[in-house]
Amino acid sequence: MKNISLLGSTGSIGTQTLEVVRAYPEELCVKALTCGSRIGLLKEQIKEFKPELVVVFDQDKALELEKEIKSPEFSSYEEKIPEVMSGMEGLIAAATLSSADIVLTAVVGMIGIRPTIAAIEAGKDIALANKETLVTAGHIIMPLAKAHGVKILPVDSEHSAIFQSLNGEDRKALDKILLTASGGPFRGRRREELSNITPEDALKHPNWSMGAKITIDSSTLVNKGLEVMEAQWLFGVPAEQIQVVVQPQSIIHSMVQFDDGGIIAQLGTPDMKLPIMYALFYPERKFLEGERLDFWKLSEITFEKPDTDNFPGLRLAYEAAGEGGSMPTVYNAVNEEAVSLFLRRKIGYLDIADTIACCMSSHKTVNNPDLDQILMIENELRGEVARRFE
Ligand code: NDP
Ligand code: MG
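Residues numbered from 1 in each chain as written. Chains lettered and ligands numbered in written order. Predicted model: local features only at pLDDT ≥ 70, side-chain atom pairs only at ≥ 80, totals over all residues. Heavy atoms only, no water.

Focus on the coordination of the magnesium ion (ligand 2)
For step 1, the next point in the chain: Bound to the magnesium ion (ligand 2) on the protein side are D156 (OD), E158 (OE) and E227 (OE), at distances that span 2.1 to 2.2 Å.
For step 2, the next point in the chain: Counting along the primary sequence, the residues that act as donors to the magnesium ion (ligand 2) give the motif D-x1-E-x68-E. Note that D156 is positioned in the loop between β7 (152–154) and α7 (157–166) and E227 in helix α10 (residues 222–235), a separation of 71 residues in sequence. (Donors = N, O, S within 2.8 Å, 3.2 Å for Na, K, Ca; no water. Helix = DSSP H or I, 4+ residues; strand = E, 2+ residues; numbered from the N terminus.)

Here's the deal with the pattern of salt bridges
For step 1, the next point in the chain: By the definition in use, this model includes 26 salt bridges.
For step 2, the next point in the chain: Between R22 and E48 there is a salt bridge, with the nearest N and O atoms lying 2.6 Å from each other. Of this pair, R22 sits in helix α1 (residues 12–23) while E48 sits in helix α2 (residues 39–49), and the two are 26 residues apart along the sequence.
For step 3, the next point in the chain: Since its relative accessible area comes to 44%, R22 is described here as partly exposed.
For step 4, the next point in the chain: Notably, a salt bridge pairs E27 with K286, separated by 2.4 Å at the nearest N-O pair. With E27 in the loop between α1 and β2 (28–35) and K286 in the loop between α11 (273–281) and α12 (295–298), this residue pair connects regions lying 259 residues apart in the sequence.
For step 5, the next point in the chain: In this structure E27 comes out as partly exposed when scored by relative accessible area, which is 28%.
For step 6, the next point in the chain: Taking the relative accessible area as the measure of exposure, K286 reaches 23% and is therefore partly exposed.
For step 7, the next point in the chain: Salt bridges linked by common partners bring K131, D156, E158, K224 and E227 together as one network. (Salt bridge = Lys/Arg side-chain N within 4 Å of Asp/Glu carboxyl O. Buried < 20%, exposed > 50% of the residue type's maximum accessible area, 1.4 Å probe, protein only.)

Details of the site of ligand 1
For step 1, the next point in the chain: Within the structure, ligand 1 sits among 25 residues, and T10, G36, S37, R38 and E132 are positioned closest to it.
For step 2, the next point in the chain: With respect to ligand 1, the backbone of G8 contributes an N or O atom lying 3.3 Å from an oxygen atom.
For step 3, the next point in the chain: In this structure, an oxygen atom belonging to ligand 1 sits 2.9 Å away from a main-chain N or O atom of S12.
For step 4, the next point in the chain: For ligand 1, whose accessible area on its own is 890 Å², the fraction buried by protein is 87%.
For step 5, the next point in the chain: Here the residues of the shell around ligand 1 sort into twelve nonpolar, nine polar and four charged. (Near = heavy atom within 4 Å. Polar contact = N/O pair within 3.5 Å; in protein donor to acceptor, adjacent residues only side chain to side chain. Areas by Shrake-Rupley, 256 points an atom, 1.4 Å probe, with all protein chains shown as cover. Nonpolar A, V, L, I, M, F, W, Y, C, P; charged D, E, K, R; others polar.)

Here we look at the environment of K124
For step 1, the next point in the chain: Positionally, K124 belongs in the loop between α5 (113–121) and β6 (125–128).
For step 2, the next point in the chain: Non-local contacts of K124, meaning those with residues more than four positions away in its chain, are made with A95, T96, L97, S98, A100, D101, V103, A119 and V150.
For step 3, the next point in the chain: From its side chain, K124 meets the backbone oxygen of A100 in a polar contact 2.8 Å long. (Contact = heavy atoms within 4.5 Å.)

As for the layout of surface pockets
For step 1, the next point in the chain: Counted as a void, the second largest pocket has a volume near 490 Å³.
For step 2, the next point in the chain: Taken together, 24 residues form the lining of the second largest pocket, with G268, T269, L274, E291 and R292 sitting closest to its centre.
For step 3, the next point in the chain: Of all the secondary-structure elements, those providing two or more residues to the lining of the second largest pocket are β11 (263–267), α11 and α12.
For step 4, the next point in the chain: The greatest single-element share of the lining of the second largest pocket, amounting to four residues, is contributed by α11. (1 Å grid on protein atoms, 1.4 Å probe; cavity = no way out; pocket = protein on both sides within 12 Å on 5 of 7 lines; lining within 4 Å. Points joined across faces, edges and corners; volume = space filled by probe spheres on them.)

Description of the pairing of strand β8 (residues 174–181)
For step 1, the next point in the chain: Counting buried positions over the eight residues of β8 gives six, a clear majority of the element.
For step 2, the next point in the chain: In the sheet, β8 pairs with strand β10 (residues 252–258) via four bridges, with the strands oriented antiparallel. Within β10, the residue paired with L174 across the bridge is F258.
For step 3, the next point in the chain: Sheet topology note: the β8/strand β9 (residues 242–246) ladder contains five bridges and is parallel. In the sheet register, L178 faces β9, and the bridge partner there is Q243. (Pairing = 2+ DSSP bridges.)

Observations concerning the packing of helix α14 (residues 327–343) against helix α16 (residues 371–388)
For step 1, the next point in the chain: One can describe the packing of α14 onto α16 by two numbers: an axis separation of 9 Å at closest approach and a directional angle of 40°. The angle between the axes of α14 and α16 places the two elements in the oblique class. Taken as a pair, α14 and α16 cross one another with a handedness that is right-handed. Counting all contacts with α14, which are made through T329, V330, A333, V334, E336, E337, A338 and L341, the residues of α16 involved are I374, I377, E378, L381, R382, V385 and A386.
For step 2, the next point in the chain: In terms of residue class, the contact of α14 with α16 is built from ten nonpolar, one polar and four charged. (Axes fitted to C-alpha atoms, helices over the stretch in contact; angles between N-to-C directions. Parallel < 35°, antiparallel > 145°, perpendicular 65-115°, else oblique. Left-handed = near helix turned anticlockwise from the far one by under 90°.)

Quick look at empty space enclosed by the protein
For step 1, the next point in the chain: Across all of its chains, the model carries two cavities of 30 Å³ or more by this definition.
For step 2, the next point in the chain: Size it by volume and the largest cavity reaches roughly 90 Å³.
For step 3, the next point in the chain: Lining the largest cavity are R191, L194, T220, N310, F311, P312, Y349, L350, I352 and A353.
For step 4, the next point in the chain: The dominant element in the lining of the largest cavity, judged by the number of residues it contributes, is helix α15 (residues 349–362), at four residues.
For step 5, the next point in the chain: Taken together, the residues of the lining of the largest cavity break down into seven nonpolar, two polar and one charged.
For step 6, the next point in the chain: Estimated volume of the second largest cavity: approximately 70 Å³.
For step 7, the next point in the chain: Every residue along the wall of the second largest cavity is listed here: S157, S160, Q164, W208, H253, Q266, G268, T269, P270, D271, L274 and P275.
For step 8, the next point in the chain: Looking at the lining of the second largest cavity, the elements with two or more residues in it are α7 and α11.

Here it is in structure tokens:
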């Protein structure tokens, strides 16, 4: 039995993880569930999965939940009522819960840094969906994981594909990573045609159904930029050896090329449950119900170069990766704030990448920033971006 602490259980990755747990009740057990504020869904999850600990980041909502789960509605609940916690203290308690073997990090944004570090220090393996954490603190997290002998297992579909393609191979013979991208819903459009994009337009992704922030990031190619930096840390490959290949059907989830020119890829219908299962059961493969790839129906897989002129989000990520130090934090923190402002209709679509570019050019890089410096830079920049558009 593998015991899981699931950070971000009410989100897109969180709920799909719980579908996997539901399919394998003899092998997987959830010990902690956490969310930001959506306690309605969390309550249903508590009834079904009976965790020991639940965390609601929002303190008022946590108190509300605590009251509700002690009410008669829960009187038929046969298990012990779970402990309820809130805030960062709660997230860290969930990440370090003694009964958990693995922490699946599916919170959105760099809020995941401290719980991830705490989980590693407590010796937990990490199934990592929360890419923003690795982008901003990869230089702290990867050596720490090595020192504590814990595994960082990728959940992001491209990184899972790379991980699967590298299985049993000599990493020294790896020449480059071919990171595939769908190109997003606005592929083929020019900058002038993007200025009036609304949150509703950008929230429609052609192939994947995901949380709001990553859906916007996919449309701006910032998601691919974050993934380049995520791959850098996960596989120890510099950004210049990571090539983004647009493959609009999202059938090839990524590829690796070796020194002899051979390329290994992982393919399949787009379904996040596969990388989630691969991370939870690694190195075992399990049955996953669902559609199988039908090559006769598919008939073609096409390739394009990413358009970094009209979608500068990807170009800026390579610049941030090349600069290193605190620059990836600037790229990520500004994007988090800008996307949140865009979703609240406070800024336009093109302002997202423009603001990242502007903040990156005025930032003085801090080399090898420690955790406090990373969080301070995040805080400063988010404030600066919010003030800019007041
Ligand atoms: P969602 O927005 O769907 O879910 C985010 C989860 O984090 C929710 O449970 C949310 O709770 C919780 N949360 C939000 N804010 C806070 C906070 N301040 N403190 C604690 N918890 C919080 O996101 P996704 O599931 O789409 O993405 C999660 C992560 O996985 C991201 O880093 C994303 O980049 C990555 N990822 C996602 C993929 C996908 O297919 N969705 C694919 C690959 C990677 P609440 O519901 O209460 O707001
Ligand atoms: Mg991805």
